[in-house]
Amino acid sequence: MLDLLVQNATLPDGRTGMSIAVNDGCIAEVTPGLDAPAAQKLDAAGLLVTPHFIDPHFHMDATLSYGLPRVNESGTLLEGIALWGELKPLLTADALIERALAYCDWAVAKGLLAIRSHVDTSDPSLLAVDALLEVKRRVAPYLDLQLVAFPQDGVLRTKGGVESLKRALDKGVDVVGGIPHFERTMADGAASVKLLCEIAAERGKLVDMHCDESDDPHSRHIETLAYEAQRLGLHGRVTGSHCTSMHSMDNYYVSKLLPLIAESGVSVIANPLINITLQGRHDSYPKRRGMTRVPELMMAGVNVAFGHDCVMDPWYGMGSGDMLEVAHMGLHVAQMTSQAGIRQCFDAITTNAAKVLHLEGYGLAPGCDASFVLLQARDPVEAIRLRATRLKVYRKGKLLAETPAATAALHVPGRAASTAWMIPRA
């Protein structure tokens, strides 16, 4: 007897009437029209079942700290960084853990079951590192939390920055991070990329650097990152996050940069909600969008994912852990409103993000973890349009969260009694 049998599901690739058989936390079979004895059966009623959502770029040490110790009045990146500097001395492990756990609750309810979070290593006490390692331990039964050692103030710019980062890795942090554009000079930024990639290669770690989160077209550390990935044999293990300067770069230079990134196997993470908010702040009109060149990177063969980056913290006072909201903003900013483009934006918060995290057992195929979401939508396009309700969220075959369908009761003579904002289909 099966543990769980999902029937009449639509899958992201367009297959309909599909059944997903689950045993011992894994998918045993995916086939049309299967009916077999099962401890639990779920009729998907033609709605979309997708692998769970993934956030490949987040800052959980700062999340839900909005208003502490004050609000970012300007809403700018630089005031956010300054505000984080004011908040760090006031942090306590217990408060940080409680906020992070609360956010993980939000994430689970939204079908977000894997998060890569950067954690600040600039404070030599490593309080935030220890706190998030504890959070990682606590949430492990229901959420994959991958941590990046992130020297927020610059690994070379900060006294003892290299040593603090190495200690964070020794404690069990998973990924080597960096922020080369925040070092004192371009040369220091390039040196930091080289140093950090060498540390990752020595330790067998993945790399994920905040790269060129700037409107300055001369901030070109993504080029150095791609070069170091190739030099050190880190193909497929390196990610450049943000890369917003590419939005402002000369087209001829970008024409050489894109194949370099593709050849190096470096992934790129755009953070649409934050990039559109924080970039272009020094422009009058026309204003730059700021987000990196997502469709061009994808066309060049680069793996591109979308991250949330921030939720209710010094940099961003919005958000609820909804990766469909991230994809919704991404397709608008990148003007990816073709049918193929919209589906690529859905991939950016699912399969592409899984590649960034090197997640094992991800997907809807036999042998994969039975970790998936039933959405109140009939395809990925509709899911993004509606930021669809997560009707049921499963982790390894166990129900983690469920939400009632979003409907509105109508009192309009001669019309239906309710609506769910979905186009009627025969």
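Positions within a chain are numbered from 1, following the residues in the order the chain's sequence is written. The predicted nature of this model means local features are confined to residues of pLDDT at least 70 and side-chain atom pairs, given and counted, to a pLDDT of 80 or more, with totals for whole chains, interfaces and linings taken over all residues. Only hydrogens and water are set aside; all other atoms, that is, all heavy atoms of the structure, feed into the side-chain values.

K.L.:
For this particular structure, what's the right way to read the pattern of salt bridges?
P.N.:
When charged atoms on two side chains of opposite charge get close, those side chains can pair. By convention in these notes, a salt bridge is any Lys or Arg side-chain nitrogen within 4 Å of a carboxyl oxygen on Asp or Glu. For the structure shown, the criterion picks out 22 salt bridges. The salt bridge involving glutamate 228 is made with arginine 231; its shortest N-O contact spans 2.7 Å. In this pair, glutamate 228 and arginine 231 both sit in helix H6 (residues 221-231), three residues apart, roughly one turn of the helix. According to the relative accessible area criterion, glutamate 228 is buried, its value standing at 4%. Starting at the N terminus, helices and strands are each numbered in turn, a helix being any DSSP run of H or I of at least four residues and a strand any DSSP run of E of at least two. Relative accessibility under 20% of the residue-type maximum defines a buried residue, over 50% an exposed one, and the middle range a partly exposed one, all with a 1.4 Å probe and only protein chains included.

K.L.:
Help me understand the side chain of serine 267, please; the structure alone is not making it clear to me.
P.N.:
Tracing the chain through its elements places serine 267 in strand S12 (residues 267-270). With relative accessibility at 8%, the residue serine 267 sits in the buried group. Excluding residues that lie within four positions of it along the chain, serine 267 makes contacts with Val238, Thr239, Gly240, Val302, Asn303 and Val356. It only takes one pair of heavy atoms within 4.5 Å for two residues to be counted as in contact.

K.L.:
How should I be thinking about unusual backbone geometry in this particular structure?
P.N.:
Leaving glycine aside, a negative phi is the common case for residues, and trans is the common case for peptide bonds. The residue after leucine 68, namely proline 69, is reached through a cis peptide bond having omega -15°. Its location among the elements puts proline 69 in the loop between strand S6 (53-58) and helix H1 (77-87). With an omega dihedral of 0°, the bond running from tyrosine 285 to proline 286 counts as a cis peptide bond. When you line up the elements, proline 286 lands in the loop between helix H8 (272-278) and helix H9 (294-299). At alanine 45, a residue that is not glycine, the phi angle is positive and equals roughly 55°. Along the polypeptide, alanine 45 turns up in the loop between strand S4 (38-43) and strand S5 (49-51). Classification of alanine 45 by relative accessible area gives exposed; the value is 53%.

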